[in-house]
Amino acid sequence: QPASRHVAQLVRSGQLSATGHTKGRTYKLEPYQDTTTNLTIDDSLAEDRVWREWLVPKLKDLPGNVRDICHYGFTEMVNNVIDHSEGDTLYLGVTYSAKEIELIVMDNGVGIFNKIQKAFDLDDPHHAVLELAKGKLTTDPENHTGEGIFFSSRMFDEFAIRSGELLFTREDNKDWLLDRASDITGTIIIMNIDPESTRIDRDVYDEFTSEHEDFGFTRTRIHVKLVQYEGERLVSRSQAKRLLARFELFKEVYLDFDGIESIGQAFADEIFRVFSNNHPDVHIYYGETTPDVERMIKRALSVGG
């Protein structure tokens, strides 16, 4: 009875909505905010002003650490749209409830994966996703560091990018790529975080930067599954070279083999012997391996230089 009275009070106050009757009655959290807007992309649009004037009033009473994460992720993604999308309309959405904050940044431009593929002459949009996940990737190196998406994806509980027919998502500290999503014109970025999250943006920076390198972005973590096309095994040197591209920009690289059942000798050899011998300043670590993957890696290491 006390629980029933409390639930009834939450419904009256508007914090819960109820449908159905008696045993079939169900309840749903009502958001404090559920708002969208469209903005024209032109020279007058500035991400800091959009944050301050549009989003801040909708995120009242947030803990400072969560507000800082929302500030970083939102302004970085809006800036990407302004500088890179080549679109003319920015669509923004925010849903804020007791359970979750969801931020949506969408444009009608050329599409992020398509633009990266063309700018770096990559095989296809799948390869663009892999490069984006590594970090330090930008089509405008004079004005951007290529860190915004990398760090934003690790600050939020869930982070997703939909563009073209691909969905790149990061959840539970893993990167995933799904094909055959509905064809999206432009780019949609969705960021979710618990309002009571204890995560601090500085901790995320510290995980991938080094005080010995002037706090530069020197470490990265890659889910090897992103290299794998549907229906194929990781056996060739060309697959390994696709994974290894731009590793020389980092001091430490961690390879997460979760979801990879086995790898070929040539694939392992190219990473753990050939590349390591040619780039002794880049330290490659690995984990989440099956016994078969572990055996092949140790074989390559045993014949390393």
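Only a predicted model underlies this, so the values are computations on that prediction, with no experimental measurement involved.

Peer 1: What is the right way to read empty space enclosed by the protein from this model?
Peer 2: Empty space left among the atoms is revealed by rolling a probe the size of a water molecule over them. Taken as a whole, this structure holds two cavities of 30 Å³ or more when the rule is applied. The computed volume of the largest cavity comes to approximately 40 Å³. The set of elements that each furnish at least two residues to the lining of the largest cavity consists of β7 (174-193) and β10 (219-223). At three residues, the largest contribution of residues to the lining of the largest cavity is made by β10. Residues belonging to the lining of the largest cavity are distributed by class as follows: one nonpolar, two polar and six charged. As a volume, the second largest cavity reaches approximately 30 Å³. Surrounding the second largest cavity, Leu132, Ala133, Ile149, Phe150, Ser153, Arg154, Phe168 and Asp175 form its lining.

Peer 1: Before we go on, may I ask you to explain the packing of aromatic side chains in this structure?
Peer 2: For any pair of aromatic rings, the description consists of the separation of the ring centres together with the inter-plane angle of the planes. Applying the stated rule across the entire model yields 12 aromatic pairs. For the ring pair Phe151 and Phe217, a centre distance of 5.0 Å and an interplane angle of 50° mean the geometry is tilted. Taken together, the residues span a long stretch of sequence, with Phe151 in helix α6 (residues 148-155) and Phe217 in strand β9 (residues 216-217) at a distance of 66 residues. Each member of the pair, Phe151 as well as Phe217, carries the same accessibility label: buried. Ring-pair connections join several aromatic residues into one group, and the members of that group are Tyr72, Phe150, Phe151, Tyr205, Phe208, Phe217 and Phe250.

Peer 1: Before we go on, may I ask you to explain unusual backbone geometry in this structure?
Peer 2: The bulk of non-glycine residues show a negative phi, and the bulk of peptide bonds are trans. For Asp61, which is not a glycine, the phi torsion comes out positive at approximately 65°. Positionally, Asp61 belongs in the loop between α2 (47-55) and α3 (64-84). By relative accessible area, Asp61 is classed as exposed at 77%. Phi at Lys136 takes a positive value of approximately 60°, unusual for a residue other than glycine. Positionally, Lys136 belongs in the loop between α5 (125-134) and α6.

Peer 1: Even after reading the chapter, I still don't get the packing of α2 against α3, so can you show me in this structure?
Peer 2: The relative placement of two packed helices is expressed as an angle between their axes plus a distance between the axes. One way to put it is that α2 packs onto α3 with a least axis distance of 9 Å and a crossing angle of 130°. Put simply, α2 runs oblique to α3. Pair α2 / α3 crosses with right-handed handedness. Contact residues: Glu47, Val50, Trp51, Trp54 and Leu55 in α2; Arg67, Cys70, His71, Phe74, Thr75, Val78, Asn79 and Ile82 in α3.

Peer 1: What should I look at first to understand helix α4 (residues 112-119) in this one?
Peer 2: Structural remark: α-helix, 3.6 residues per turn; residues separated by three or four positions point the same way. Buried within α4 we find Ile112, Phe113, Ile116 and Gln117. The arc that holds the buried residues of α4, viewed along the axis, is 130°, so those residues lie on one side. Asp121 sits one or two positions beyond α4 and adopts a positive phi of about 55°.

Peer 1: Honestly, the nonpolar core in this entry has me stumped. Any pointers?
Peer 2: As a rule of thumb, nonpolar side chains are buried together in soluble globular proteins. Residues Phe74, Leu243, Leu255 and Phe257 are the most contacted members of the largest nonpolar core, which totals 75 residues. The biggest single contributor to this core is α3, with eight residues. When near neighbours in sequence (up to four residues on either side) are disregarded, Phe257 contacts Val224, Ile263, Phe267, Phe272, Tyr286, Gly287, Glu288, Thr289, Val293 and Ile297.

Peer 1: Help me out: how do you make sense of the pattern of salt bridges in this one?
Peer 2: Opposite charge on two side chains permits them to pair, given that their charged atoms come into close proximity. Under the definition given, this model contains 18 salt bridges. Here Arg237 makes a salt bridge to Glu270, at a shortest N to O gap of 2.9 Å. Taken together, the positions of Arg237 in helix α8 (residues 237-244) and Glu270 in helix α9 (residues 265-278) put the pair 33 residues apart, joining distant regions of the chain. Note that Asp292 and Arg295 form a salt bridge whose closest N and O atoms lie 2.8 Å from each other. With Asp292 and Arg295 both in helix α10 (residues 291-302) and three residues apart, the pair spans about one turn of that helix. Using a relative accessible area of 39% as the deciding quantity, one classes Asp292 as partly exposed. Shared partners join several salt bridges into a network, and the residues in it are Lys174, Arg221, Asp256 and Asp258.

Basis of the calculations
Residues numbered from 1 in each chain as written. Predicted model: local features only at pLDDT ≥ 70, side-chain atom pairs only at ≥ 80, totals over all residues. Heavy atoms only, no water. 1 Å grid on protein atoms, 1.4 Å probe; cavity = no way out; pocket = protein on both sides within 12 Å on 5 of 7 lines; lining within 4 Å. Points joined across faces, edges and corners; volume = space filled by probe spheres on them. Helix = DSSP H or I, 4+ residues; strand = E, 2+ residues; numbered from the N terminus. Nonpolar A, V, L, I, M, F, W, Y, C, P; charged D, E, K, R; others polar. Phe/Tyr/Trp six-rings, centres within 6.5 Å; stacked < 30°, edge-to-face > 60°. Buried < 20%, exposed > 50% of the residue type's maximum accessible area, 1.4 Å probe, protein only. Axes fitted to C-alpha atoms, helices over the stretch in contact; angles between N-to-C directions. Parallel < 35°, antiparallel > 145°, perpendicular 65-115°, else oblique. Left-handed = near helix turned anticlockwise from the far one by under 90°. Contact = heavy atoms within 4.5 Å. Arc of directions from axis to C-beta. Core = buried A, V, L, I, M, F, W, Y, C linked by side-chain atoms within 4.5 Å. Salt bridge = Lys/Arg side-chain N within 4 Å of Asp/Glu carboxyl O.

From the geometry alone we can't say anything about function, so treat these as descriptive.
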